[in-house]
Amino acid sequence: MAIRFSKYKATFCQKTLKQSIACSGVGLHSGKDVTMRLCPAPINHGIVFHRTDITDCKQLISARYDNVVDTKLCTVIANKDNICVGTIEHLMAAFAGCEINNALVEVDCTELAIMDGSSEPFVCMIDCAGIVEQDAPRQVIEIRKPITVDIDDKRVTLSPSNCYAIDFEIDFASKAIGRTVWGVEMVNGTFRHEIAQARTFGLLEEVERLQANGLARGGSLDNAIVVDGDKVLNHEGLRFKDEFVRHKVLDCVGDLYLAVAPLIGRVNAVKAGHQINNAALRALFADPSAYKIVDYEDSHAIE
């Protein structure tokens, strides 16, 4: 399988939310209470975050690959005044999966609410707010030649294709996670039904180490899968038998949506995470011959 954009004419247009919608939760890394609101935005606005708790300098941060400043534990973006917001990848994945091009995200903390550790709560919010088409063409980024990035034992390759497809491989020593290869095409509803529900995960010893160092303060079995040795500690078990690799695909979708427009191409990822996902976008845009930005209606995806 792979992720293919709909061929219905409706997807030729940019989209935003019909109305604003709010939620609250806890920040995974800070442990702080977070209130956030997803708001409609005009054409060509893109996805922009607004730190409502900041009053003495610029509060807006554009969701762009070149605004990424940290990828150690999550994806963090910042503006020129060093105002940042992190853990954006699950919401960005929801925007990508729901084909939202323009939105203003108001948040009163340094990170977004983790919710249940997946993108599903954000997809539900988008559906409740409603989606409206806008009177402007939707653009996509066609990959024109292969770009490969290697970091240690991790690799991401972006290749030409007539659809947006992701092939992902994970390999963990824990038998509960193990080695899994999964591929997906973005067809209508694929993100919603096969990716959005997959939760973030971590090894118990890593979680305990992070919390001992004042990190992952908001982490719990309510918002993450926790693995102890070869055992999943969550009483309800997994939502998919291969939920771990599906969540890695979810993260990849969110990180790559920082390209500002959807990709048309095949992504082959091996042990990839936030750092190399961002590095792949930087490598792509560093080579003007490797991509072309076109209106979706004129792209190879609808041939």
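Preceding this paragraph is the structure being described.
Residues numbered from 1 in each chain as written. Predicted model: local features only at pLDDT ≥ 70, side-chain atom pairs only at ≥ 80, totals over all residues. Heavy atoms only, no water.

**Student:** I'd like a description of a negative patch on the surface, backed by residues and values.
**Tutor:** Side chains of Glu205, Glu206, Glu208 and Asp228 sit close together on the surface and give a patch of like negative charge. Within the secondary structure layout, Asp228 lies in strand E17 (residues 225–228). (Patch = residues over 30% accessible without salt bridge, like charges linked within 9 Å, V, L, I, M, F, W, Y side chains within 5 Å. Areas by Shrake-Rupley, 256 points an atom, 1.4 Å probe, with all protein chains shown as cover. Salt bridge = Lys/Arg side-chain N within 4 Å of Asp/Glu carboxyl O. Lys, Arg positive; Asp, Glu negative; His and termini not counted. Charge placed at Lys NZ, Arg CZ, Asp CG, Glu CD. Helix = DSSP H or I, 4+ residues; strand = E, 2+ residues; numbered from the N terminus.)

**Student:** Report on the environment of Val181, specifying residues and quantitative values.
**Tutor:** Counting through the fold element by element, Val181 comes out in strand E15 (residues 179–185). Taking the C-alpha atoms as reference points, Val181 and Phe168, 13 residues apart in sequence, are found 5.6 Å from one another.

**Student:** Describe the layout of surface pockets, with residues and values.
**Tutor:** Its boundaries defined by the atoms lining it, the largest pocket holds a volume of some 1,100 Å³. Taken together, 45 residues form the lining of the largest pocket, with Lys72, Leu73, Phe201, Glu206 and Lys248 sitting closest to its centre. Elements supplying a minimum of two residues to the lining of the largest pocket: helix H1 (89–97), strand E14 (164–171), strand E16 (201–203), helix H4 (204–212), E17, helix H5 (243–256) and helix H6 (274–285). Counting residues per element, the lining of the largest pocket draws most heavily on H4, which supplies five residues. For the lining of the largest pocket, the residue count by class is 20 nonpolar, 14 polar and eleven charged. In this structure, the second largest pocket encloses a volume near 420 Å³. (1 Å grid on protein atoms, 1.4 Å probe; cavity = no way out; pocket = protein on both sides within 12 Å on 5 of 7 lines; lining within 4 Å. Points joined across faces, edges and corners; volume = space filled by probe spheres on them. Nonpolar A, V, L, I, M, F, W, Y, C, P; charged D, E, K, R; others polar.)

**Student:** Just give me the short version of the sheet that holds strand E9 (residues 103–107), but keep the residues and values in it.
**Tutor:** Spatial strand order, E2-E3-E9-E4-E5: five strands in an open sheet with mixed pairing. Each of the sheet's edge strands pairs with one partner strand only, and the pair in question is strand E2 (21–26) and strand E5 (60–62). Across the sheet, the mean angle from the axis of one strand to that of its neighbour is 25 degrees, orientation sign disregarded. Pairing geometry for strand E4 (residues 47–51) and E5, over three bridges, is antiparallel. Each bridged residue has a counterpart across the sheet, and for Val48 the counterpart in E5 is Ser62. Relative to E4, H1 is tilted by about 145 degrees, and along the sheet it contacts strand E3 (33–39), E4 and E9. The strands that helix H2 (residues 120–129) touches are E2 and E3; relative to E2, the one it contacts most, it runs at about 160 degrees. (Pairing = 2+ DSSP bridges. Axes fitted to C-alpha atoms, helices over the stretch in contact; angles between N-to-C directions. Contact = heavy atoms within 4.5 Å.)

**Student:** Could you give me a rundown of the pairing of strand E11 (residues 139–143), with the residues and numbers involved?
**Tutor:** Within E11, four of the five residues are buried, leaving the element largely enclosed by the surrounding structure. Looking at chain direction, E11 and strand E20 (residues 291–295) are connected through five bridges and run antiparallel. Following the sheet pairing, Ile141 is matched in E20 by Ile293. (Buried < 20%, exposed > 50% of the residue type's maximum accessible area, 1.4 Å probe, protein only.)

**Student:** Tell me what's going on with the pattern of salt bridges, and back it up with residues and numbers.
**Tutor:** Taken as a whole, this structure holds 19 salt bridges when the rule is applied. Asp127 serves as the salt-bridge partner of Arg192, at 2.6 Å between the closest nitrogen and oxygen. In this pair, Arg192 sits in helix H3 (residues 190–195) while Asp127 sits in helix H2, placing the two residues 65 residues apart along the sequence. The exposure class assigned to Arg192 is partly exposed, which follows from its relative accessible area of 27%. A network of salt bridges, in which partner residues are shared, links Lys15, Glu99 and Arg138.

**Student:** Can you tell me about the sheet that holds E17, naming the residues and giving the values?
**Tutor:** Two pairing modes exist for strands in a sheet, parallel and antiparallel, and in both the strands are linked by backbone hydrogen bonds. Ordered in space as E16-E17-E18, the three strands form an open sheet in which the pairing is mixed. On the outer flanks of this sheet lie E16 and strand E18 (231–232), each paired with one strand and no other. Summarising the sheet, E17 and E18 pair through two bridges and their orientation is antiparallel. By the bridge assignment, Val227 is partnered in E18 with Val232. Of the strands in this sheet, E16 and E17 touch H4, which is tilted by about 90 degrees from E16. The strands touched by H5 within the sheet are E16, E17 and E18, with E17 carrying the most contacts at an inclination of about 130 degrees.

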